[in-house]
Amino acid sequence: MAPLRVHASPRCATPAARAQTHDGLPPRPTEGGLWSYAADDEVDFHEDPSGLVRVHYAAAGPSQTLLEDADQSGVPDYVEAVAEVAVEGLGLYADQGFRPPVTEAALGLGALGGSEALDIYLVDFQGSSDGVFSTDACTSAPRHCTGWIGLENDFAGYSYPSLQYALDTVVIHELFHAVQSAYDGDQPVWFSEGTATWAQTLVIPASGDFLAKCDAYLALSDRPIDKPPTGPVQSFAYGTALFWVFLDTRHGAPMNLGLQLATESEDGDDVDIIAGLADLLLELGDDLPSAWSEFARLNLATGPRAGAWPSHSFAAQLDGVPEEGAGPAIEDDARFSPLAANYYRLEHAGGPLAVGTDTGHPALALSVFPVADGALDGPLEQPLASWWAEAPAVVALGDAPAGGYWLVGSLSEQAAASAKTRLCFGDPTFVAACLDTEEPGDEGGSETGAGDETDETDETDETEGDEDLGLDDDGAGCGCRSDPEPRGAGWPALLLVASLAFRRRR
């Protein structure tokens, strides 16, 4: 058996300094440390007849759980319900092909909770959390871990609509952390919390908890999916579940199982999960750029823009994406972060429409959607066009009726740097002046001016460690302007349009 290492960082709840037991393992709630039982708690346990789960609870004392016993079984109904949800969850994960949680015995630790069952401790989090999966120890390579689940002892004062709803959310979520630890106990938070939130949807497909987390992700959708904000675990990390649900819908169980297998480290070092995902998609007859660009488009058709064009089944229940800006003309020194998306809304007066970029990238996907019924914003119709902006170009979209038009841009691959381009969206005369190029011809299609080549080596944008990934880069030459300086012939006629060009949201 591989050497063991102590692993004391819990998932979901806020990490804190923890004492060590006499044998060097982090203490469980019965032994002191964080989220422990009080000295005068009378702790009992109930082991499910399957032998898979043992629930520890305080029958009396400060941490006393809900004691109602309507069926007069001698075990509180709440305790039995916890065990039932956990056993059902283990069966659900087994049906998906996942490994069971690693037992203490498998790592030679004995029966830390009194048996080989997975231990769930009902503790009083006092509102600081509602659940946690905490590891006892892990093998070194691969990093397989065993541990226990801590669960709120009564959910009093929490916002869940019912006790059953709370259990179906929190137990299923924490239980999946135990499953993840059978593959790798050190998965990055954006993946571990995101896929555990995905797992909740196997029981409650579009729960309020899941939708709220997705809204937190969409609010920062211009940020790379694997670069959550710094600091304590943010809702963004949980909200990446939206992508895992998308992939589940696209590929089903082989994707879900393959993702966990892709995290397993044979040598104990961190693995590149995005690279593993890209390989998995190829095995399933798909590819990362195609999947991500479609995901970015579907995310636009959410909230107030859902309904007319197919999107996520729960799209209308989401808040929707924020706009980078809106106006009768769009001009932006845009930065597209890898595995992120930017959204722009044009208020078009009617007539010819074009999109221009002054640099290209092979994985930069652009799409233009009309708003239904000529409204300035609202449900979207089928896209006018979608293309890969591989080179500097002006794409003429032909005559378009007055109304709102959305432009989606996504750098749809893993990359060390973001893609920067001058992005112009509006009538062809404006786009030509914005790019300082000639207006596209009447025959339509894409054109690139002969003098538009850009030296892409002038500046780089290393994304690793950048705390402002996907956000504005103030003072660094990026950003949108509402009062740009003239750029080439024909500018005076466009001055009013330019003055109305959008300002980036802060």
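Please read all numbers here as calculations on a predicted model, not as lab measurements.

**Concerning empty space enclosed by the protein**
And then number 1: Taken as a whole and judged by the stated rule, the model has four cavities of 30 Å³ or more.
And then number 2: When its volume is computed, the second largest cavity comes out at roughly 40 Å³.
And then number 3: The wall of the second largest cavity is formed by Phe98, Thr195, Trp198, Trp244, Asn256, Leu259 and Gln260.
And then number 4: Breaking the lining of the second largest cavity down by element, the ones donating at least two residues are helix H3 (189-200) and helix H7 (253-262).
And then number 5: Per-class residue counts for the lining of the second largest cavity are four nonpolar, three polar and no charged.

**Re helix H1 (residues 77-95)**
And then number 1: Compared with an ideal rise of 1.5 Å per residue, which puts 19 residues at 27 Å, H1 spans 27 Å between its outermost C-alpha atoms and is within 8% of the ideal.
And then number 2: Along H1, the residues that are buried comprise Tyr78, Val79, Glu80, Ala81, Val82, Ala83, Val85, Ala86, Val87, Gly89, Leu90 and Tyr93.
And then number 3: Where the residues of H1 are buried, they touch strand E2 (42-47), strand E3 (53-60), strand E4 (118-123), strand E6 (145-152), helix H2 (163-180) and H3.
And then number 4: In the segment just after H1, glycine 97 is the residue with positive phi, at about 95°.

**Considerations on the state of the cysteines**
And then number 1: Taken as a whole and judged by the stated rule, the model has two disulfides.
And then number 2: Disulfide partner of cysteine 138: cysteine 145, at an S-S distance of 2.0 Å. Every disulfide takes its handedness from the sign of the S-S torsion; for cysteine 138 and cysteine 145 that torsion is 105°, giving right-handed. Each member of the pair cysteine 138 and cysteine 145 is classed as buried.
And then number 3: Across the disulfide, cysteine 424 is cross-linked to cysteine 434 (sulfur-sulfur distance 1.8 Å). Since a negative S-S torsion denotes a left-handed disulfide, the cysteine 424-cysteine 434 link at about -65° is left-handed. Here cysteine 424, found in strand E15 (residues 419-426), pairs with cysteine 434, found in helix H10 (residues 428-435); they are ten residues apart in sequence, far enough to count as distant.
And then number 4: Take cysteine 424: its relative accessible area is 0%, and that puts it in the buried class.
And then number 5: For cysteine 434, a relative accessible area of 0% puts it in the buried group.
And then number 6: Taken N- to C-terminal, the disulfide-bonded cysteines of the chain are connected 1-2, 3-4.

Basis of the calculations
Think of each chain on its own: its residues are numbered from 1, step by step along the sequence as written. Under the rules for a predicted model, residues below a pLDDT of 70 receive no local features and side-chain atom pairs below 80 are neither given nor counted, while totals for whole chains, interfaces and linings still include all residues. Hydrogens are left out, water is left out, and the side-chain values use all remaining heavy atoms of the structure. Here a cavity means grid points, on a 1 Å grid over the protein atoms only, where a 1.4 Å probe fits yet cannot get out; a pocket means an open set of points with protein on both sides within 12 Å along at least five of seven lines; lining residues are those with an atom within 4 Å of a point. Grid points are joined across faces, edges and corners, and a volume is the space filled by probe spheres set on the points. Helix and strand labels come from DSSP, where a helix needs a run of H or I of at least four residues and a strand needs a run of E of at least two; each type is numbered from the N terminus. For this scheme, ten residues count as nonpolar: Ala, Val, Leu, Ile, Met, Phe, Trp, Tyr, Cys and Pro. Four count as charged, namely Asp, Glu, Lys and Arg, and the remainder, Gly too, count as polar. Between the first and last residue of a helix there are one fewer steps than residues, each counted as 1.5 Å, and that sum is the expected span. When accessible area is computed with a 1.4 Å probe and restricted to protein chains, residues below 20% of their type maximum are described as buried, those above 50% as exposed, and intermediate ones as partly exposed. Should any heavy atoms of two residues lie within 4.5 Å, those residues are considered in contact. Disulfide assignment relies on a single distance test, namely cysteine sulfur atoms paired within 2.5 Å.

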